[in-house]
Amino acid sequence: MSGSGKPSLIRAKGKEHTGRIIALINDIWPEHYTPIIGEAQVKYMLETYQSEAQISKEIQDGVEYYILSVNGTDAGYLALDNKKDAMYLSKLYVVNKLRNQGYGKFMNEFTEKRAGELGLTRIFLNVHKNNKNSIKAYEKMGYMKVREVIKEIGGGFIMDDYIMEKYI
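Residues numbered from 1 in each chain as written. Predicted model: local features only at pLDDT ≥ 70, side-chain atom pairs only at ≥ 80, totals over all residues. Heavy atoms only, no water.

A. A look at the sheet that holds strand β2 (residues 64-70). The sheet built from seven strands is open, its strands ordered β1-β2-β3-β4-β5-β7-β6 with mixed pairing. Either end of the sheet is taken by a strand with one partner, and the two such strands are β1 (7-11) and β6 (144-154). Strand-to-strand, the axes of this sheet are offset by a mean angle of 30 degrees, without reference to chain direction. Note that strand β4 (residues 87-94) and strand β5 (residues 122-128) share two bridges and pair parallel. Note on β5: the bridge partner recorded for Met87 is Ile123. (Pairing = 2+ DSSP bridges. Helix = DSSP H or I, 4+ residues; strand = E, 2+ residues; numbered from the N terminus. Axes fitted to C-alpha atoms, helices over the stretch in contact; angles between N-to-C directions.)

B. Main features of the packing of helix α1 (residues 15-37) against helix α2 (residues 39-48). It is the contact of α1 with α2, at a shortest axis distance of 8 Å, that shows an interaxial angle of 140 degrees. In terms of orientation, α1 and α2 fall into the oblique class. The element α1 and its partner α2 pack so that their crossing is right-handed. Listed contacts from α2 to Ile25, Asn26, Trp29, Pro30, Tyr33, Thr34 and Ile37 of α1 are Glu39, Gln41, Val42, Met45 and Leu46. Classifying every residue of the contact of α1 with α2 gives eight nonpolar, three polar and one charged. (Parallel < 35°, antiparallel > 145°, perpendicular 65-115°, else oblique. Left-handed = near helix turned anticlockwise from the far one by under 90°. Contact = heavy atoms within 4.5 Å. Nonpolar A, V, L, I, M, F, W, Y, C, P; charged D, E, K, R; others polar.)

C. Quick look at the packing of α1 against helix α3 (residues 52-60). Following both chains from N to C, one finds α1 and α3 inclined at 130 degrees, their axes separated by 10 Å at the closest point. Between α1 and α3, the crossing angle belongs to the class labelled oblique. When the axes of α1 and α3 are compared, the crossing they make is right-handed. Judged by residue contacts, Lys15, Thr18, Gly19, Ile21, Ile22 and Ile25 of α1 engage Glu52, Ile55, Ser56 and Ile59 from α3.

D. Molecular detail of unusual backbone geometry. Although it is not a glycine, Asn71 sits at a positive phi angle of roughly 55 degrees. For Asn71, the position within the fold is in the loop between β2 and β3 (73-82). Residue Asn71 is classed as exposed on the basis of its relative accessible area of 57%. The residue Lys84 is not glycine, and still its phi comes out positive at about 75 degrees. Position of Lys84 relative to the elements: it lies in the loop between β3 and β4. Assessed through its relative accessible area of 68%, Lys84 is described here as exposed. (Buried < 20%, exposed > 50% of the residue type's maximum accessible area, 1.4 Å probe, protein only.)

E. Fine view of the environment of Ile158. One can find Ile158 in strand β7 (residues 157-167). You can call Ile158 partly exposed: its relative accessible area is 38%. With 38 residues separating them in the primary sequence, Ile158 and Leu120 have C-alpha atoms 30 Å apart. Apart from the residues lying within four places of it in its own chain, the contact partners of Ile158 are Gln41, Ile150, Lys151, Glu152 and Ile153.

F. Broad picture of helix α4 (residues 103-117). Between its terminal C-alpha atoms α4 stretches 21 Å, which fits the 21 Å expected from 15 residues at 1.5 Å a residue. Turning to α4, its buried residues number three or more, namely Tyr103, Gly104, Met107, Asn108, Thr111, Arg114 and Ala115. Along the axis of α4, the buried positions cluster into a sector of 140 degrees, meaning they face one direction only. In this structure, the buried residues of α4 make contact with β1, β2, β3, β4, β5 and β7. (Expected span 1.5 Å × (residues − 1). Arc of directions from axis to C-beta.)

So, in structure tokens, the structure goes:
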């Protein structure tokens, strides 16, 4: 870990945590995704898929959300969804100033450990085709592109993604 802070993950449970996740989303998403998908789609996705109500519903439905803490400061978030045949790495985000310091790798290693605890041997994720830095990071962690998917998400927007996976 080249970052100076020792990371930990806090399992999100309820309003105190969802508020902290929303603060991270509002910090990370506009900066990271606006150049990739544009401001209008970022706004739509934040309102539709990254809202506090949506995250609370996902937690109630069994999705595991975690807050990355570095030196006591919220630095990113992770969401894992046990799909029974594989772990879906739904979200893995690190604040801009702490990227490329090993924190994404730390969260991925946790994902692998958690999948193993649940008896799963495969992890998969979606990544936008133009999200070049994230694709490189996932490839470095051992993920491979397995297929492409274009999906309408409403509001006149599409997701143009790679599905990447890794066997553990």
